Amino acid sequence: MRVTSSASSIDMRGKIPGMARASSIRVLPIRVTADSGAVRTDALAAGIAYASAQGAQIILIDGSGTISQNQAVDAALANAHAQGALIVAGTGDSGAATVGYPASSPHVLAISATTWDDTLAPTSRYGTGVALAAPGGTTAGQPSGVLVLNTGGGYTTRASTAVAAAHVAGTAAMMLARQPAARPDMLLTTARLRMLLQAGARDLGAQGHDASYGAGRLDVERSLWLATHIEPQLVLPLVARNW
């Protein structure tokens, strides 16, 4: 898959860690593309299975909307989810009013992309399956991108829903890293991670959950605060209020 260097990614080629930087965070890069850059469904299924077998808590998938639904990938996603992994993927970059696969899987947190002014990127796919939005930029209209590190040194910009998904995955990794060790009752399960990310989001567009932004645009600071301060029994009311 294409590389996302704006956050530490699990199932990419793995360049330079970005958002998810903490001593307790480990990165497992797994390449699932052919030399042409096209995603191979057999490699994707095997990569997800391998990441899950290694105990990956967050799996970041790039390339949504470039492959068709696949039985082997579906099975790998279901198994990884059952093993407790939070699976994150961008919705795709064709601008279509449907969420691309595998982000459309019920086991995946589907992320749409926003631009610099908190509007939906014209190239971002959207639909009823969107869980959350995050900064991703666009290559259409007035181009805007996210500053990322280059493997050869320096910086470059990239715009895609994969960049947006990387922000969410990086935030989730930091949330896990900041779990209060003295409070086992506040350990972050996959379901709780998902709910806290949505509860911390800034509502955009139509009030409440909508097809463009899901629960809203990712707010890193709020999500990190919620992960370390909010009692488990208060999570659902927070999500309900934000929706």
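Predicted, not measured: the structure shown is a model, and the values here were computed from it. (Residues numbered from 1 in each chain as written. Predicted model: local features only at pLDDT ≥ 70, side-chain atom pairs only at ≥ 80, totals over all residues. Heavy atoms only, no water.)

*Asks:* Looking at this structure, I do not really get the packing of helix α4 (residues 190-199) against helix α5 (residues 220-229). What am I missing?
*Replies:* The geometry of a pair of packed helices is captured by two quantities: the angle between their axes and the separation between those axes. Put simply, α4 and α5 touch, their axes get as near as 8 Å, and they point 135 degrees apart. Taken as axis vectors, α4 and α5 run oblique relative to one another. Crossing handedness for the pair α4 and α5: right-handed. Residues R192, L196, L197 and A199 of α4 touch α5, and the partners they reach there are R222, S223, L226 and A227. Among the residues forming the contact of α4 with α5, the class breakdown is five nonpolar, one polar and two charged. (Axes fitted to C-alpha atoms, helices over the stretch in contact; angles between N-to-C directions. Helix = DSSP H or I, 4+ residues; strand = E, 2+ residues; numbered from the N terminus. Parallel < 35°, antiparallel > 145°, perpendicular 65-115°, else oblique. Left-handed = near helix turned anticlockwise from the far one by under 90°. Contact = heavy atoms within 4.5 Å. Nonpolar A, V, L, I, M, F, W, Y, C, P; charged D, E, K, R; others polar.)

*Asks:* What's the story with the pairing of strand β1 (residues 58-61) in this structure? I'm lost.
*Replies:* Side-chain positions along a regular strand alternate between the two faces of the sheet. Here β1 shows a buried face lined by I58 and L60 and a second buried face lined by I59 and I61. Note that β1 and strand β2 (residues 86-90) share four bridges and pair parallel. The partner of I59 across the bridge, within β2, is I87. Taken together, β1, helix α2 (residues 71-82) and β2 form a β-α-β motif whose crossover is right-handed. (Buried < 20%, exposed > 50% of the residue type's maximum accessible area, 1.4 Å probe, protein only. Pairing = 2+ DSSP bridges. Right-handed = clockwise from strand over helix to strand, strands pointing away.)

*Asks:* Looking at this model, I keep getting lost on the packing of helix α3 (residues 161-177) against α5. Mind explaining?
*Replies:* Viewed as axis vectors pointing N to C, α3 and α5 meet at an angle of 30 degrees, and their least axial separation amounts to 9 Å. Between α3 and α5, the angle is such that the two are roughly parallel. Considering the relative orientation of α3 and α5, their crossing is right-handed. Residues T171, M174 and M175 of α3 touch α5, and the partners they reach there are V220, S223, L224 and A227. Residues belonging to the contact of α3 with α5 are distributed by class as follows: five nonpolar, two polar and no charged.

*Asks:* Even after reading the chapter, I still don't get helix α1 (residues 41-53), so can you show me in this structure?
*Replies:* For an α-helix, 3.6 residues make a turn, and residues three or four places apart therefore share a direction. Its 13 residues place the ends of α1 18 Å apart at the C-alpha level, agreeing with the 18 Å of an ideal helix rising 1.5 Å per residue. For α1, the full list of buried residues reads A43, L44, A45, G47, I48, A51 and S52. In this structure, the buried residues of α1 make contact with β1 and α2. (Expected span 1.5 Å × (residues − 1).)

*Asks:* What am I meant to see in empty space enclosed by the protein here?
*Replies:* In this approach, a probe sized like a water molecule rolls over the atoms, and the result shows the empty space that is left. Counting across every chain of the model gives one cavity of 30 Å³ or more. Counted as a void, the largest cavity has a volume near 40 Å³. For the lining of the largest cavity, the per-class residue count stands at two nonpolar, five polar and three charged. (1 Å grid on protein atoms, 1.4 Å probe; cavity = no way out; pocket = protein on both sides within 12 Å on 5 of 7 lines; lining within 4 Å. Points joined across faces, edges and corners; volume = space filled by probe spheres on them.)

*Asks:* What is the right way to look at the sheet that holds strand β3 (residues 108-114) in this model?
*Replies:* The strands making up a sheet are joined through hydrogen bonds of the backbone, oriented either antiparallel or parallel. The strand order β1-β2-β3-β4 describes an open sheet built from four strands, whose pairing is parallel. In the strand order of this sheet, the two ends are held by β1 and β4 (130-135), each with one partner. Sheet twist, expressed as the mean angle between neighbouring strand axes with direction ignored, is 30 degrees. Docked against the sheet, α2 engages β1, β2 and β3, running at close to 135 degrees with respect to β2. Of the strands in this sheet, β1, β2, β3 and β4 are in contact with α3, which crosses β3 at around 125 degrees.

*Asks:* Before we go on, may I ask you to explain the pattern of salt bridges in this structure?
*Replies:* Oppositely charged side chains can form a pair if their charged atoms are brought close together. By the definition in use, this model includes five salt bridges. Close ionic contact of R31 with D35 constitutes a salt bridge, the shortest N to O distance being 3.4 Å. D35 sits in the exposed class, given a relative accessible area of 77%. With a closest N to O distance of 3.0 Å, R217 and D118 form a salt bridge. A residue pair is termed long-range when its members are at least 10 positions apart, and R217 in the loop between α4 and α5 and D118 in the loop between β3 and β4 qualify at 99 residues. The exposure class assigned to D118 is partly exposed, which follows from its relative accessible area of 26%. (Salt bridge = Lys/Arg side-chain N within 4 Å of Asp/Glu carboxyl O.)

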